Amino acid sequence: MTGAERPGGVRWEGGPDRPGGRRDEAAELAAALGESSWQAPRVQPLDRRLAVDRDSVERGLASLVLTVIELLRQLMERQALRRVDLGDLTEEQIERVGATLMALEQQMTELREYFGLAPEDLNLDLGPLGPLLPTD
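Residues numbered from 1 in each chain as written. Predicted model: local features only at pLDDT ≥ 70, side-chain atom pairs only at ≥ 80, totals over all residues. Heavy atoms only, no water.

1. Points about the overall build of the chain
For the chain, the helix and strand inventory stands at 4 helices and 0 strands. Counting from the amino terminus, the chain carries its helices and strands in the arrangement α-α-α-α. Considering the chain as a whole, with its 136 residues, one finds that 17% of them fall into the buried category. Across the chain, contacts joining residues at least 24 apart in sequence account for 44% of those joining residues at least 6 apart. (Helix = DSSP H or I, 4+ residues; strand = E, 2+ residues; numbered from the N terminus. Buried < 20%, exposed > 50% of the residue type's maximum accessible area, 1.4 Å probe, protein only. Contact = heavy atoms within 4.5 Å.)

Here's what the structure looks like:
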């Protein structure tokens, strides 16, 4: 038996152990199944498998960012309403928070229109968990 061959006829890539001391488990499995040799599948470069255009990437990224912002906006709005209900805010603070939230909602509407997104485009479907954003 040579240094590059193991019991069962399995040859190790790069000698008894692969670079870094790792075993070639795929070669071991191929030998156990009676295959004489095994080669790793050839992987095509990403640009051949996936056609990406700038507009779809930009729209997808905008959708993701706006979804996160909308989630935070809704959480801030609920927190503000809770604090108003508890009486934690002065009248001036209530006015300031209300004006800020309305301005943020207006800005979100403008950004959605700019990127051609509907409000439901920002609501990710989480499968069995339901939608990310509440619909109330």
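Back to the text.
2. Here's the deal with a nonpolar patch on the surface
A cluster of nonpolar side chains, Leu 61, Leu 64, Val 65, Val 68, Ile 69, Leu 72 and Leu 75, forms an exposed patch at the surface whose accessible area comes to about 610 Å². Relative to the helices and strands, Leu 61 is located in helix 3 (residues 54-86). (Patch = residues over 30% accessible without salt bridge, like charges linked within 9 Å, V, L, I, M, F, W, Y side chains within 5 Å. Areas by Shrake-Rupley, 256 points an atom, 1.4 Å probe, with all protein chains shown as cover. Salt bridge = Lys/Arg side-chain N within 4 Å of Asp/Glu carboxyl O.)

3. Concerning the packing of aromatic side chains
Aromatic ring pairs are defined here through the distance separating the ring centres and the angle between the ring planes. According to the stated counting rule, one finds 1 aromatic pair in the structure shown. When the ring of Tyr 114 is compared with that of Phe 115, the centres are 4.9 Å apart and the planes differ by 90°; the resulting orientation is edge-to-face. (Phe/Tyr/Trp six-rings, centres within 6.5 Å; stacked < 30°, edge-to-face > 60°.)

4. With respect to helix 3
If you check helix 3, its first and last C-alpha atoms are 48 Å apart, about what 33 residues at 1.5 Å a residue would give, namely 48 Å. What helix 3 keeps buried is the set Ala 62, Ser 63, Leu 66, Thr 67, Glu 70, Arg 73, Gln 74 and Ala 80. Where the residues of helix 3 are buried, they touch helix 4 (91-115). Gly 87 sits one or two positions beyond helix 3 and adopts a positive phi of about 80°. (Expected span 1.5 Å × (residues − 1).)

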